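Commentary on secondary and tertiary structure
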Amino acid sequence: MFKKIFALAVIGSLCLSLVGCESVLDRSKASSGESAKEGNSSFSMYDDEVEEKVDEINDYIDAYFYFETDEEAQEEAIYDGIMAGLDDPYSVYYTQEEFADLMEENSGEYVGVGAVVTQGTDKAVTIVRPIPGSPAEEVGLMAEDIVVQVGDVEITNQDLSTVVDMIRGEEGTQVYIKVYRPSENDYVEFEVTRRVVENVTVYAEMLDDNIGYIQVQQFYENTDEEFIDAIKGMQSKNVKGIIVDLRDNPGGLLDSVVNMCDFIMDEGPILTTKDKHGNVIQKYDSSAKESLDIPMVVLVNGNSASASEIFAGAMKDTGKAELVGTTTFGKGIVQSVLPLSDGTAIKLTVAKYFTPAGTDIHEAGVEPDYVIELPDGKESAVNVKREEDTQLDKAIDIIFQIQ
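The structure reproduced in this document is the subject of the present report. (Residues numbered from 1 in each chain as written. Predicted model: local features only at pLDDT ≥ 70, side-chain atom pairs only at ≥ 80, totals over all residues. Heavy atoms only, no water.)

Some details on the packing of aromatic side chains
Quick note on the threshold: Note on ring pairs: Phe, Tyr and Trp rings are taken, using the six-membered ring of Trp, and paired if centres are within 6.5 Å. Classes follow the plane angle, with under 30 degrees stacked, over 60 edge-to-face and the rest tilted. Buried residues are those whose accessible area, probed at 1.4 Å on protein chains only, stays under 20% of the maximum for their type, while exposed residues exceed 50% and partly exposed ones sit between those limits. Numbering of helices and strands runs from the N terminus; a helix is a DSSP stretch of H or I covering at least four residues, while a strand is a stretch of E covering at least two. Either the NZ atom of lysine or the CZ atom of arginine qualifies as a charge over a ring when it sits within 6 Å of the ring centre and within 35 degrees of the ring normal.
Going through the model one piece at a time under the given rule, you end up with six aromatic pairs. Note on Phe-65 and Phe-67: the rings are 6.0 Å apart at their centroids and 65° apart in plane angle, and the pair reads as edge-to-face. According to the relative accessible area criterion, Phe-65 is partly exposed, its value standing at 44%. Aromatic pair Tyr-79 and Tyr-93: ring centres 5.2 Å apart, planes at 50°, arrangement tilted. With Tyr-79 in helix α3 (residues 71-84) and Tyr-93 in strand β4 (residues 92-94), the pair connects residues that are 14 residues apart, well separated along the chain. Site record: aromatic cluster; members linked through ring pairs are Phe-65, Tyr-66 and Phe-67. In this arrangement the basic side chain of Lys-178 is found over the ring face of Tyr-187, its NZ or CZ atom lying 5.1 Å from the centre. Geometry around Tyr-213 places Arg-386 over its ring, the cationic atom sitting 5.3 Å from the centre.

Following this line, the structure appears as structure tokens:
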């Protein structure tokens, strides 16, 4: 199955947050309509004009619509429409099934085809990378492929949740996926068999000259533990410097990235979140119980988003690491997933986050200290051979200079 660029951080029994913050929303305010005040336009589903218009539409449907109607589907479409009317690609409605699927995606394994995807403001669903050993990798799906059709449905302006749901299914069943491959200027078709896919997020190895290399592919529940264990293992081998590769990492759990920063950083701020009025919602600080004093370089690119940008921004602002690569994605906003009383949920953009230096990176990204392009204009590092990896080469050079 395709992974969304946004993952969940559990922040209490009522509110789930996407690179989020604790106690983002007060349900008493939401239920009283207080959040709609101060000049923001809104409407109530119980407004007389709205109800009258809905009734009028339904009267026409009952009288003239040729086919059978599905009342449940119509009802769900109303909720979808409320969220779509916000004109925010990150704010969506989840049915009970979609909400359950979203929660499953945050676990260690899931049933699907196994690919990480992102969706930009143009609504194009693009593969960031296939997960190693996954059905997606085995059939030949590649980074930068753009999904244009799933089954018999052409993908046009659907939100990421809808596309993911189309690709999901029972273990052992097949799904038809058609992509546009920019590198070949052509369309490619696949029949992919769904199966259980394990989320492997941290890959570590020792390079020549005792330089440690750690690739973090996404931030899940156990990513911080794996990352810290990898560093400690390298320290036992007298590592001279560490390269953390966040290229093509679309983000994930806030707790995970905060714990990783806390392990590395001295005492001080990691990030701050603010609401639409500029009020500070939450500050995340390093406890300095542990800190890392070793040369470090972080690799980033345009697919490094969300939690990856929190890590990169914290390392850059505090001087704990040099950044190499290209400017990051630029997702500096916070979504909260709010479960509703009937088992459905909404995901809502509720805040912005700021780096330790107070920088707003939304739609701007984090600028590397050293802007280094990959050869042949490649934007993803997934299919780049090690001997052609100009960004990694630069990171190694910097490690030698810092020592």
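Here we look at the nonpolar core
To be explicit about the condition: The definition of a nonpolar core used throughout is a set of buried Ala, Val, Leu, Ile, Met, Phe, Trp, Tyr and Cys residues joined through side-chain atoms within 4.5 Å. Contact between two residues is taken to exist if any of their heavy atoms lie within 4.5 Å; hydrogens are not considered.
Of all hydrophobic cores here, the largest spans 43 residues; its most connected members are Phe-227, Phe-311 and Met-315. Every element with two or more residues in this core is listed here: β14 (211-216), α7 (223-235), β15 (241-245), α8 (254-264), β16 (268-274), β18 (296-300), α9 (307-318) and β21 (345-354). With seven residues, α8 is the single largest residue contributor to this core. Ignoring anything within four residues of it in the chain, the contact list for Phe-227 reads Val-202, Ile-214, Val-216, Val-244, Met-260, Ile-264 and Phe-311. Membership of the second largest hydrophobic core comes to 20 residues, among which are Ala-115, Val-117, Val-150 and Val-175.

Some words on the sheet that holds β15
Rules: Pairing between two strands is assigned when DSSP locates at least 2 bridges connecting them. What counts as an axis is a line fitted to C-alpha atoms, over the stretch in contact for a helix, and the angles between N-to-C directions run from 0 to 180 degrees.
The mixed open sheet is built from six strands, whose spatial order is β13-β14-β15-β18-β19-β22. Looking at strand neighbours, the two that pair on one side only are β13 (202-207) and β22 (370-371), the edges of this open sheet. Sheet strands in contact with helix α10 (residues 390-402) are β13, β14, β15, β18, β19 (322-325) and β22, and its direction is about 165° off that of β18.

Quick notes on unusual backbone geometry
Backbone geometry at Glu-363 places phi at a positive 60°, although glycine is not the residue there. Within the secondary structure, Glu-363 sits in the loop between β21 and β22. At Asp-376, a residue that is not glycine, the phi angle is positive and equals roughly 60°. Tracing the backbone shows Asp-376 in the loop between β22 and α10.

Some words on the packing of α8 against α9
Helix-helix packing is characterised by the crossing angle of the two axes and by the distance between the axes. How we decide: Any angle that falls under 35 degrees is termed roughly parallel, while one over 145 is termed roughly antiparallel, one within 65 to 115 roughly perpendicular, and all others oblique. Crossings are assigned a handedness: left-handed for a near helix turned anticlockwise from the far helix by less than a right angle, right-handed for a clockwise turn. Under the scheme applied, nonpolar residues are Ala, Val, Leu, Ile, Met, Phe, Trp, Tyr, Cys and Pro; charged residues are Asp, Glu, Lys and Arg; polar residues are all the others, including Gly.
Direction vectors running N to C along α8 and α9 enclose 20°, while the axes themselves pass 9 Å from each other. The pairing of α8 with α9 is recorded here as roughly parallel in orientation. Note on packing geometry: the crossing formed by α8 with α9 is right-handed. In this structure, α8 uses Leu-254, Val-257, Met-260, Cys-261 and Ile-264 to contact α9, whose residues at the interface are Ala-307, Ile-310, Phe-311, Ala-314 and Met-315. Tallied by class, residues from the contact of α8 with α9 come to 10 nonpolar, no polar and no charged.

Notes on the environment of Ser-134
Turning to its location among the elements, Ser-134 is positioned in the loop between β7 (125-130) and α5 (135-139). When its relative accessible area of 1% is taken as the criterion, Ser-134 is described as buried. Sequence separation between Ser-134 and Arg-195 is 61 residues, and the spatial gap between their C-alpha atoms is 8.4 Å. Excluding residues within four positions of it along the chain, Ser-134 makes contact with Val-113, Gly-114, Arg-195 and Val-197.

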